[in-house]
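# Structure assessment
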Amino acid sequence: MNARLKLVITGILLCLALGLTVFCAVQTVQAFQRFQQEHKLAVTGDVSTIRPWMTVPFIAHFYHVPESYLDQLLHITNDRAVHHLPLRELAAHVNRPVDGLIHDIQHAILNYRKHRTGVRTRAGTSPAPTLYALRGPHRYRVGAGLAPALAHTFARAMVHSPVPALVNIPAERMRA
Amino acid sequence: MSVFLTSLLNIMQNYGYPALWVSIFIAAVGLPLPIALVLLAAGAFAALGDFNLVLLTLISISASVAGDSLGYAIGRLWGSKGADWLDHSKLGKRFLKPDSVARSRLYFKKRGGWAIFFSRFLVAALGGVVNLLAGTELYPYRYFLLFDIAGEVLGALIPLLLGFAFGASWEAVGDILGTFSLLVLGLLIVIYLFIRLLRYARGVQKARATAAYKASILEAPLQSPEAPPSQV
């Protein structure tokens, strides 16, 4: 192939690759911002952060609600296989849409918080499922060692590092 | 989140470590499973106490290394034979120059280790292809294993610790990892193309200079009024 033609084709490919790289860079920054906003909501115990992959024990631990309370709400027996199903699978199991199930759980958690005085909410305290607030047995059963300490340091750096605001994602959109 | 990922998480919750080992092994051989996301989720569940983080790390590394080794073996057994056949066939000779094949083998022997290492955690999508390529290019297995284990340690620890640290936000962390991986891939392509462009530009410049020199030599006798004494 002619050397000049090779030069032109490579130049065009380089321009395309540069465009793709810039696009990926913007996407990465936006993903980082989304993460920071979502993590903020999660830290404050916002029930809008409940996701279809979560299991009942995970929700109970994360939102400080007794497992038995959620079990009662969802009519779940003590069967481990059912108990540890993600919400999406659980919804299929009980023949309900997953969004409806999540909605019910969100209301139940909010009701529980409203009616129970002195319930510890996330606002103003450390986040629970993250390393900051693994209190009690978890902190030492799972988290002892160098690796979780490194994760802790990295987590702090990631959450508190400033990222230039390319886009502002409204809170309503985040919740949606 | 895809239904497929939820199903994988469901299997992981129900069957525990063996299911996780099999999933990671299959992904390491080359099947496109979202294993980084599964590891992030496993880390999140480990923070809850459902899994043990150390055991998860060991299982992840062992399954990945076993799967990568199988990919390497497939490449070595069938890939190298295929490459040899292509090397000697008419079709291969038509499209591939023998010296370019030898050059690529030499290049992989020199730099292949880094490709193996970085494709374990930085550009994980290329992992399966790199395993096959390493086997096909007859890259020494002991070096392959060394770079593979080193890369897989990072490849297991990064998602597990991030999942462990961020719990419920692991999906957002997965997004960051995915886009960052694409960004690195884009940067590598840009660097490669930039180097090629410089080489081609130099080649064009050299060709121009040679052409100008030739032209000046051809024009030189016409311009000189006297012939050199030796020719008289």
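The residue numbering used here restarts from 1 in each chain and proceeds along that chain's sequence as written. Each chain takes a letter, starting from A, and each ligand takes a number, starting from 1, following the order in which they are written. Only residues with pLDDT of at least 70 get local features here, since the model is predicted, and only at 80 or more are side-chain atom pairs given and counted; chain-wide, interface and lining totals rely on the full set of residues.

Moving on, we come to the overall build of chain A. A run of H or I in DSSP counts as a helix once it spans at least four residues, and a run of E counts as a strand once it spans at least two, with each numbered from the N terminus. Scanning chain A from terminus to terminus reveals 9 helices and 0 strands. Its helices and strands in sequence order give chain A the pattern α-α-α-α-α-α-α-α-α, from N to C terminus. As a rule, residues whose C-beta atom has 12 or fewer other C-beta atoms within 10 Å are exposed, those with 20 or more are buried, and those in between are partly exposed; C-beta atoms are placed from the backbone. Each of the 176 residues in chain A was classed as buried or not, and the buried ones make up 26%. When contacts within chain A are restricted to residue pairs at least 6 apart in sequence, long-range pairs at least 24 apart make up 60% of them. A residue pair is marked as a contact if its C-beta atoms, positioned from the backbone, fall within 7 Å.

Let us look at the overall build of chain B. The number of helices and strands found in chain B is 8 helices and 0 strands. In chain B, the succession of α and β elements from N to C terminus is α-α-α-α-α-α-α-α. For 232 residues, the compact-globule estimate of 2.2 N^0.38 gives 17 Å, and chain B exceeds it by more than 25% at 26 Å. The principal-axis extents of the C-alpha atoms in chain B amount to approximately 100 × 40 × 30 Å. Per-residue burial for chain B yields a buried fraction of 40% across its 232 residues. It is over C-alpha atoms that the radius of gyration is taken, and the globule rule equals 2.2 Å times the number of residues to the power 0.38.

This paragraph deals with the interface of chain A and chain B. Across the boundary between the two partners, chain A contributes 52 residues, which contact 44 residues of chain B. Where the side of chain A that touches chain B is concerned, the elements lending two or more residues are α1 (3-43), α2 (56-62), α5 (87-93), α7 (137-141) and α8 (146-160) of chain A. Sort the elements by how many residues they give to the side of chain A that touches chain B and α1 of chain A lands first, with 23 residues. Classification convention: Asp, Glu, Lys, Arg as charged; Ala, Val, Leu, Ile, Met, Phe, Trp, Tyr, Cys, Pro as nonpolar; all other residues, Gly among them, as polar. Looking at the side of chain A that touches chain B residue by residue, the classes come out as 31 nonpolar, 13 polar and 8 charged.

Now for the confidence of the model for chain A. Looking at chain A as a whole, the pLDDT averages 73, with 63% of positions reaching at least 70. Residue-level confidence of the predictor, termed pLDDT, takes values from 0 up to 100. Across chain A, the element-wise mean pLDDT spans from 39 in α7 of chain A up to 90 in α1 of chain A.

Most of helix α6 (residues 127-136) of chain B is tucked away: 9 of the 10 residues are buried. The set of residues buried in α6 of chain B consists of G127, G128, V130, N131, L132, L133, A134, G135 and T136 of chain B.

Residue and element names in this part refer to chain A. With a phi close to 55°, H64 is a non-glycine residue in the positive phi region. Secondary-structure assignment places H64 in the loop between α2 and α3 (67-74). Even without being glycine, N95 reaches a positive phi, approximately 60°. The topology assignment puts N95 in the loop between α5 and α6 (98-115). N95 sits in the exposed class, given 6 other C-beta atoms within 10 Å.

Okay, the nonpolar core next. Nonpolar core, as used here: buried Ala, Val, Leu, Ile, Met, Phe, Trp, Tyr and Cys residues forming one set through C-beta atoms within 7 Å. The biggest cluster of nonpolar side chains holds 66 residues, and the ones touching the most others in it are I59 of chain A together with V38, L40, A41, A42, L160 and V173 of chain B. Among the elements that take part in this core, helix α2 (residues 35-48) of chain B stands out by supplying 13 residues, more than any other. Where each domain begins and ends is defined by an automated method or by a domain database. Both domains that furnish three or more residues to this core are identified here as domain 1 (1-45 + 126-176) and domain 2 (48-121) of chain A. Look past the residues within four positions of L160 of chain B in its chain and what remains in contact with it is L39, A42, G43, L53, L56, T57 and S60 of chain B. In this structure, Y72, F117, L132 and F144 of chain B belong to the second largest nonpolar core, which totals 10 residues.

Scored by pLDDT, chain B comes out at a mean of 85, with 91% of its residues at no less than 70. Across the predicted assembly, pTM comes out at 0.73 and ipTM at 0.73.

Attention now goes to the packing of helix α1 (residues 3-29) of chain B against helix α3 (residues 53-88) of chain B. All names here are of chain B. Axis geometry follows a simple rule: fit a line to the C-alpha atoms, using only the stretch in contact for helices, then measure angles between N-to-C directions, giving values from 0 to 180 degrees. Relative orientation of the contacting elements α1 and α3 amounts to 35°, with a least axis distance of 7 Å. In this structure, the crossing between α1 and α3 has a hand that is right-handed. On α3, the residues that touch Y17, L20, W21, I24, F25, I26, A27, A28 and V29 of α1 are L55, I59, S60, A63, S64, A66, G67, D68, L70 and G71. Residue classes in the contact of α1 with α3 are distributed as 14 nonpolar, 4 polar and 1 charged. Put simply, a crossing is left-handed when the front helix is turned counterclockwise from the back one by less than a right angle, and right-handed when it is turned clockwise.

All names here are of chain A. One can find Q36 in helix α1. A residue is classified by how many C-beta atoms lie within 10 Å of it, and Q36, with 18 of them, is partly exposed. A C-alpha to C-alpha distance of 28 Å links Q36 and A17, two positions 19 residues apart in sequence.

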